[in-house]
Amino acid sequence: MIHSRIKPVVDSQLPREQAGFRRGRSTVDQVTLLSQDIEDSFQDNAKAGVVYLDLTAAYDTVWHRGLHLKLLRTIPDRHMVKFIMETLTSDGQRSRLRRLRNGVPQGSVLSPMLFNIYVHDLPDTTSRKYGYADDLAIMLRRPTWKAMEDGLIDDLGTLVAYFQRWRLQLNIGKTVAAGYHLSTREARRELEVCVNNKRLEVQQAPKYLGVRLDRILSFKQHLEEVKAKAECGTAQKNN
């Protein structure tokens, strides 16, 4: 009931790049959008760099005081906001009162919307952002490697500062970078992108929202994996 009531108000204020759990938007839309932007860089004879960010336990680390502030800025009804916060700060146990200061409840219909509200004010970046709930990627295309790497590093610094301010934690060990271009001569060239003086892992075909995106967007590796899973499923069924 609460979700239905606040959805029109919230959805009108969410940025276009956040597609998670919104009507008419899906993982397919985000993968298609990112792929098309990379294809456009091929047409411009440019190089595209993408960083796929991983947030540690994103839903569980939502800071309640910060969420309360953002709810007040988003929903023009302080009584509704107070009611929502009351549902979050109690664990529902009758035997013992316990106040929770972080996280949104797993499995709740409200949780995806609350997380969207929590990150709806991501700072502006030169890179284009692609979000689906807590799956966030940024892409920057430039004529040269250095220009592209420097731009990504600057934007990551901006995002990390935002995460720190709102008590979200970037998992540098699981955040990966990938370069997309059609130059066979530079096929083994790896992005040099650092966060907090740590170089990000580089993958040749990282997975974004279930789809592997290789350097030239041939989708060969992704199709091979899908075929292997289908053959395995058929074999198990026959057995």
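Since this is a predicted model, take the numbers as computed values, not measurements.

This brings us to the overall build of the protein chain. Broken down by element type, the protein chain carries 7 helices and 9 strands. Across its three principal directions, the C-alpha atoms of the protein chain cover 65 × 55 × 30 Å. Here the protein chain holds 239 residues, and 45% of them are scored as buried. Restricting the contact set of the protein chain to residue pairs at least 6 apart, pairs at least 24 apart contribute 73%. Summing over all exposed atoms, the protein chain offers an accessible surface of approximately 13,800 Å²; the carbon and sulfur share of this is 48%.

Right, let's get into helix H1 (residues 2-11). Of all the positions in H1, only Ile 2, Ile 6 and Val 10 are classed as buried. For H1, the arc enclosing every buried residue in end-on projection is 50°, short of the 170-degree limit, so these residues lie on one face. Of the exposed residues in H1, those oriented more than 90 degrees away from the buried face are Ser 4, Arg 5 and Pro 8.

Turning our attention to the sheet that holds strand E7 (residues 201-202). Adjacent strands of a sheet pair through backbone hydrogen bonds, lying either parallel or antiparallel. If you walk across this open sheet you meet the 5 strands as E2-E3-E1-E4-E7, and the pairing is mixed. Two strands in the sheet have a free side with no partner beyond their single neighbour: strand E2 (128-132) and E7. Against the sheet, helix H2 (residues 27-43) touches strand E1 (47-53), E2, strand E3 (135-142) and strand E4 (176-180), its axis set at about 160° to E2.

Right, let's get into the pairing of E4. Every other side chain in a regular strand lies on the same face of the sheet, so the side chains alternate between the two faces. Extensive coverage of E4 is indicated by the burial of 5 of its 5 residues. Across the two faces of E4 the burial is the same, with Val 176, Ala 178 and Tyr 180 and Ala 177 and Gly 179 all buried. Pairing of E4 with E7, which is carried by 2 bridges, proceeds in the parallel orientation. In the sheet register, Ala 177 faces E7, and the bridge partner there is Val 202.

On to empty space enclosed by the protein, then. This model, assessed by the stated rule, comprises 2 cavities of 30 Å³ or more. Within this model, the largest cavity holds a volume of roughly 90 Å³. If you go around the largest cavity, the residues you meet are His 3, Lys 7, Val 10, Asp 11, Leu 14, Phe 21, Arg 22, Pro 112, Met 113 and Asn 116. Elements with a minimum of two residues in the lining of the largest cavity: H1 and helix H5 (111-118). Examining the composition of the lining of the largest cavity, we find that 4 residues originate from one element, H1, more than from any other. Of the residues in the lining of the largest cavity, the class split is 5 nonpolar, 2 polar and 3 charged.

What follows covers the environment of Asn 239. Counting through the fold element by element, Asn 239 comes out in the segment after helix H7 (220-238). Of the residues examined, Asn 239 reaches a relative accessible area of 82% and is grouped as exposed. Considered as a pair, Asn 239 and Ser 218 are 21 residues apart in the sequence and their alpha carbons are 33 Å apart.

The subject of this paragraph is the packing of H1 against helix H4 (residues 78-89). Closest axis-to-axis distance for the H1/H4 pair is 12 Å, and the angle between their directions is 125°. Taken together, the axes of H1 and H4 lie oblique to each other. By crossing handedness, the relation of H1 to H4 is classed as left-handed. When H1 is examined against H4, the residues Ile 2, Arg 5 and Ile 6 are found in contact with a partner set consisting of Met 80, Phe 83 and Ile 84. Of the residues contributing to the contact of H1 with H4, the split by class is 5 nonpolar, no polar and 1 charged.

This part takes up the packing of aromatic side chains. Geometry of an aromatic ring pair is reported as the spacing of the ring centres plus the angle between the planes. Taken as a whole and assessed by the stated rule, the structure comprises 6 aromatic pairs. Taken together, a centroid distance of 5.9 Å and an interplanar angle of 40° make the contact between Phe 21 and Tyr 132 tilted. On the criterion of sequence distance, the pair formed by Phe 21 in the loop between H1 and H2 and Tyr 132 in strand E2 is long-range, its members being 111 residues apart. For the ring pair Tyr 59 and Phe 115, a centre distance of 4.9 Å and an interplane angle of 20° mean the geometry is stacked.

Okay, the pattern of salt bridges next. Opposite charge on two side chains allows them to pair when their charged atoms are near. Applying the stated rule across the entire model yields 9 salt bridges. Taking the shortest distance from any N to any O, the salt bridge between Asp 44 and Arg 141 comes out at 3.5 Å. Of this pair, Asp 44 sits in the loop between H2 and E1 while Arg 141 sits in strand E3, and the two are 97 residues apart along the sequence. Assessed through its relative accessible area of 49%, Asp 44 is described here as partly exposed.

So, how was this worked out
- Residues numbered from 1 in each chain as written.
- Predicted model: local features only at pLDDT ≥ 70, side-chain atom pairs only at ≥ 80, totals over all residues.
- Heavy atoms only, no water.
- Helix = DSSP H or I, 4+ residues; strand = E, 2+ residues; numbered from the N terminus.
- Buried < 20%, exposed > 50% of the residue type's maximum accessible area, 1.4 Å probe, protein only.
- Contact = heavy atoms within 4.5 Å.
- Areas by Shrake-Rupley, 256 points an atom, 1.4 Å probe, with all protein chains shown as cover.
- Arc of directions from axis to C-beta.
- Pairing = 2+ DSSP bridges.
- Axes fitted to C-alpha atoms, helices over the stretch in contact; angles between N-to-C directions.
- 1 Å grid on protein atoms, 1.4 Å probe; cavity = no way out; pocket = protein on both sides within 12 Å on 5 of 7 lines; lining within 4 Å.
- Points joined across faces, edges and corners; volume = space filled by probe spheres on them.
- Nonpolar A, V, L, I, M, F, W, Y, C, P; charged D, E, K, R; others polar.
- Parallel < 35°, antiparallel > 145°, perpendicular 65-115°, else oblique.
- Left-handed = near helix turned anticlockwise from the far one by under 90°.
- Phe/Tyr/Trp six-rings, centres within 6.5 Å; stacked < 30°, edge-to-face > 60°.
- Salt bridge = Lys/Arg side-chain N within 4 Å of Asp/Glu carboxyl O.

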